[in-house]
Amino acid sequence: MRDKLLSDKKLKKMAQSSDPQIFVESIFPKAFGTAAQDGYMEAQESYQSLFEDTAKYNAIMSALAEVVYREMRKKDIKALDETGAYIYEMPQNLFMVAEAPVPYGDRERHE
């Protein structure tokens, strides 16, 4: 399902132009629902438990929202590091969905 969501060009454009909270709460749930329904039609047994358990559905949707948002916001690949992993240029002011900005010098109080 992750790959299906990441290949959605419209969703990618929305991720690149929206705030993380709006993406997670307003945009992603509809895309996730559509992808989950499509997946269900393709493999009913695999997806049946997803639709039968609301907590499981919401947990998977929340986790995927964060991953998809980060992946879709990645900038162009700039280089490979010494291990061969890609190095991406990320906007300096981009916070991950589960992170809140911490003022410089206040990190100890927030950990």
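1. Overview of the side chain of Ser18
In this structure, Ser18 sits in the loop between α2 (9–17) and α3 (20–42). When its relative accessible area of 12% is taken as the criterion, Ser18 is described as buried. A polar contact of 2.7 Å, which involves the side chain of Ser18, links it to the backbone oxygen of Met14.

2. A closer look at the layout of surface pockets
When its volume is computed, the largest pocket comes out at roughly 260 Å³. Lining the largest pocket are Lys4, Leu5, Asp8, Lys10, Leu11, Met14, Ile27, Lys30, Ala31, Thr34, Ala35 and Asp38. Elements represented by at least two residues in the lining of the largest pocket include exactly α1 (2–6), α2 and α3. For the lining of the largest pocket, the element with the most residues is α3, which contributes 6 residues.

3. Concerning helix α5 (residues 54–73)
Residues that lie three or four places apart on an α-helix share one face, since the helix turns once every 3.6 residues. Across its 20 residues, α5 extends 28 Å between first and last C-alpha, which sits within 8% of the 28 Å expected from 1.5 Å per residue. Along α5, the positions that sit buried rather than exposed are Tyr57, Met61, Leu64, Ala65, Val68, Tyr69, Met72 and Arg73. Along α5, the residues classed as buried sweep out an arc of 140° about the axis, all on the same side. Buried residues along α5 sit in contact with α1, α2, α3 and α4 (44–52). Its side-chain oxygen at 3.1 Å from the backbone nitrogen of Ala55, Asp53 defines the N-terminal cap of α5.

Rules of the game
- Residues numbered from 1 in each chain as written.
- Predicted model: local features only at pLDDT ≥ 70, side-chain atom pairs only at ≥ 80, totals over all residues.
- Heavy atoms only, no water.
- Helix = DSSP H or I, 4+ residues; strand = E, 2+ residues; numbered from the N terminus.
- Buried < 20%, exposed > 50% of the residue type's maximum accessible area, 1.4 Å probe, protein only.
- Polar contact = N/O pair within 3.5 Å; in protein donor to acceptor, adjacent residues only side chain to side chain.
- 1 Å grid on protein atoms, 1.4 Å probe; cavity = no way out; pocket = protein on both sides within 12 Å on 5 of 7 lines; lining within 4 Å.
- Points joined across faces, edges and corners; volume = space filled by probe spheres on them.
- Expected span 1.5 Å × (residues − 1).
- Arc of directions from axis to C-beta.
- Contact = heavy atoms within 4.5 Å.

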